[in-house]
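Structural overview for review
Listed here are the chains, written in short residue letters.
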Amino acid sequence: MKSKAVKTLWSYLIIVGASLIYAVGFNWCYVPNDIAFGGITGVGQIVNFLLPWAPIGTVVIVLNIPLFLLGWRLLGGHLLISSLFAMAVSSVFIDLIDSLYQFPPMDPLLACIFGGVLLGLSLGLVFQQGATTGGTDLLARLIKLKLSWLPMGKLLLAVDLVVIVAVALVFQNLFSALYGLVSLYISTIVMDGVLYGMDQAKVAYIISNRPKEISDTIVRELDRGVTILHGMGAYSGADKEVLFCAFKQRQIVALKRVVKEIDPSAFLIVCEAHEVLGEGFREYKQNDL
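Overview of the structure. It should be emphasised that the depicted structure is a prediction, and the values quoted were computed from it without experimental measurement.

The subject of this paragraph is the overall build of the chain. From N to C terminus, the chain includes 10 helices and 4 strands. Listing every helix and strand of the chain by position from the N terminus yields α-α-α-α-α-α-α-α-β-α-β-β-α-β. Relative to its 289 residues, the chain shows a buried fraction of 45%. For the chain, contacts bridging at least 24 residues in sequence account for 73% of all contacts bridging at least 6. Accessible surface, the chain as shown: approximately 15,600 Å² in total, 67% of it carbon and sulfur.

And the structure:
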């Protein structure tokens, strides 16, 4: 029970840190450079532009209320509560930082690059904790229930495009939209990297005349499981044992060394793995992204 409480506390501390990164990225890179921002926060930019007295963070909270009501039944209480917390904290940080310090404009290209990195990093960390920052993040999470095969970054990219175009129209600045698109693309890459790329997993297919020695060495030295697949050479018609192994990126040099030391003529194919679930890798969680 105590362990679960500590884990929950740690999760919410990560959300607070990620929300702070989100707010800093928004106030530092997007606002002073008039770079179009997607999602509900982008809508908040529009409202703030038209009604300067309306703080962006407060507008975000108000606009999120119907989305949270929509998502309550579909996503369950835990995700909605954590998402409500993330949305509230990030919105408070946005308004707090804005009231304490006005960031000066910078080179727009640098702003969209670093803004995209900070945004993608923060959203990736929030999603990892089973939460969202509300808005289109939550909308993408709802779409993910029906289109589970789509990466979250690509879903957000599609949903946010409309808002970015709208922001650019209000600012009457084509460059605002173009920089916003660059930043959005960078953020999706970083976000998917945080969500799916931390394992840096690969898979190898090994065809050798000494499969037993190679598989035993991989299990013993690399501490990785090996599956033996039964194949047949198309030209020779001879039966072949094909070794199949999932491993971490950092083990690729050791794996190639093991294979080539035992059988220099071995045929080795290494492929990227989108993600690997199971012992030694990431565990599956319900409603996993």
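Taken together, the buried positions of helix α10 (residues 252–262) are occupied by I252, L255, V258, V259 and I262. Along the axis of α10, the buried positions cluster into a sector of 130 degrees, meaning they face one direction only. Facing away from the buried side of α10 by more than 90 degrees, the exposed set consists of V253 and E261. Residues of α10 that are buried in the fold lie against β1 (201–207), α9 (211–222), β3 (239–248) and β4 (267–272).

Counting 25 residues, the largest nonpolar core has Y22, F26, Y30, F37, L119 and L123 as its most contacted members. Every element with two or more residues in this core is listed here: α1 (2–30), α3 (56–75), α4 (77–100), α5 (108–128) and α8 (174–196). Sort the elements by how many residues they give to this core and α4 lands first, with 6 residues. In this structure, L222, L255, V259 and I262 belong to the second largest nonpolar core, which totals 14 residues.

One open sheet accounts for 4 strands, arranged β2-β3-β1-β4; its pairing is antiparallel. In this open sheet, the two edge strands, each paired with only one partner strand, are β2 (227–232) and β4. For this sheet the average axis-to-axis angle between neighbouring strands, irrespective of direction, equals 25 degrees. Judged from the 6 bridges that link them, β2 and β3 form a sheet pairing that is antiparallel. Counted as the bridge partner of T227 is F244 from β3.

Along the polypeptide, A246 turns up in strand β3. Residues A246 and R224, 22 residues apart in the sequence, show an inter-C-alpha distance of 7.3 Å.

So, on to the packing of aromatic side chains. Applying the stated criterion across every chain, the model contains 4 aromatic pairs. Relative to F103, the ring of Y101 has its centre 5.0 Å away and its plane inclined at 90 degrees; by these criteria the two rings are edge-to-face. Relative accessible area serves as the criterion here: at 46%, Y101 is assigned to the partly exposed category. Assessed through its relative accessible area of 24%, F103 is described here as partly exposed. Judged by centre distance (5.2 Å) and plane angle (55 degrees), the ring pair of Y205 and F244 falls under tilted. Separated by 39 residues along the polypeptide, Y205 in strand β1 and F244 in strand β3 bring together distant segments of the chain.

Let us look at a nonpolar patch on the surface. On the surface, W28, L109, L110, I113, F114 and V117 cluster together into a nonpolar patch covering about 490 Å² of accessible area. No other element matches the 5 residues that α5 contributes to the nonpolar patch. Inspection of the secondary structure assignment puts V117 in helix α5. Residue classification places V117 among the partly exposed positions, given a relative accessible area of 34%.

Attention shifts here to the pattern of salt bridges. This model, assessed by the stated rule, comprises 5 salt bridges. For K202, the salt bridge goes to E272, with nearest N and O atoms at 2.5 Å. Here K202 is found in strand β1, whereas its partner E272 is found in strand β4, with 70 residues between them in sequence. Given the relative accessible area of 63%, E272 is considered exposed. For the salt bridge of R210 with E213, the shortest nitrogen-to-oxygen distance reads 2.7 Å. Each member of the salt-bridge network shares a partner with another, and the members are E221, R257 and E261.

We now examine the side chain of S208. In this structure, S208 sits in the loop between β1 and α9. Beyond its immediate stretch of four places on either side in the chain, S208 contacts I214, E241, D263 and A266.

Looking now at the packing of α9 against α10. For the pair α9 and α10, the least separation of the axes is 10 Å and the interaxial angle reads 145 degrees. For the element pair α9 and α10, the recorded crossing hand is right-handed. Counting all contacts with α9, which are made through E213, I214, T217, I218, E221 and L222, the residues of α10 involved are A254, L255, R257, V258, V259 and I262. In the contact of α9 with α10, the residues fall into 8 nonpolar, 1 polar and 3 charged.

Criteria and thresholds
Residues numbered from 1 in each chain as written. Predicted model: local features only at pLDDT ≥ 70, side-chain atom pairs only at ≥ 80, totals over all residues. Heavy atoms only, no water. Helix = DSSP H or I, 4+ residues; strand = E, 2+ residues; numbered from the N terminus. Buried < 20%, exposed > 50% of the residue type's maximum accessible area, 1.4 Å probe, protein only. Contact = heavy atoms within 4.5 Å. Areas by Shrake-Rupley, 256 points an atom, 1.4 Å probe, with all protein chains shown as cover. Arc of directions from axis to C-beta. Core = buried A, V, L, I, M, F, W, Y, C linked by side-chain atoms within 4.5 Å. Pairing = 2+ DSSP bridges. Axes fitted to C-alpha atoms, helices over the stretch in contact; angles between N-to-C directions. Phe/Tyr/Trp six-rings, centres within 6.5 Å; stacked < 30°, edge-to-face > 60°. Patch = residues over 30% accessible without salt bridge, like charges linked within 9 Å, V, L, I, M, F, W, Y side chains within 5 Å. Salt bridge = Lys/Arg side-chain N within 4 Å of Asp/Glu carboxyl O. Left-handed = near helix turned anticlockwise from the far one by under 90°. Nonpolar A, V, L, I, M, F, W, Y, C, P; charged D, E, K, R; others polar.

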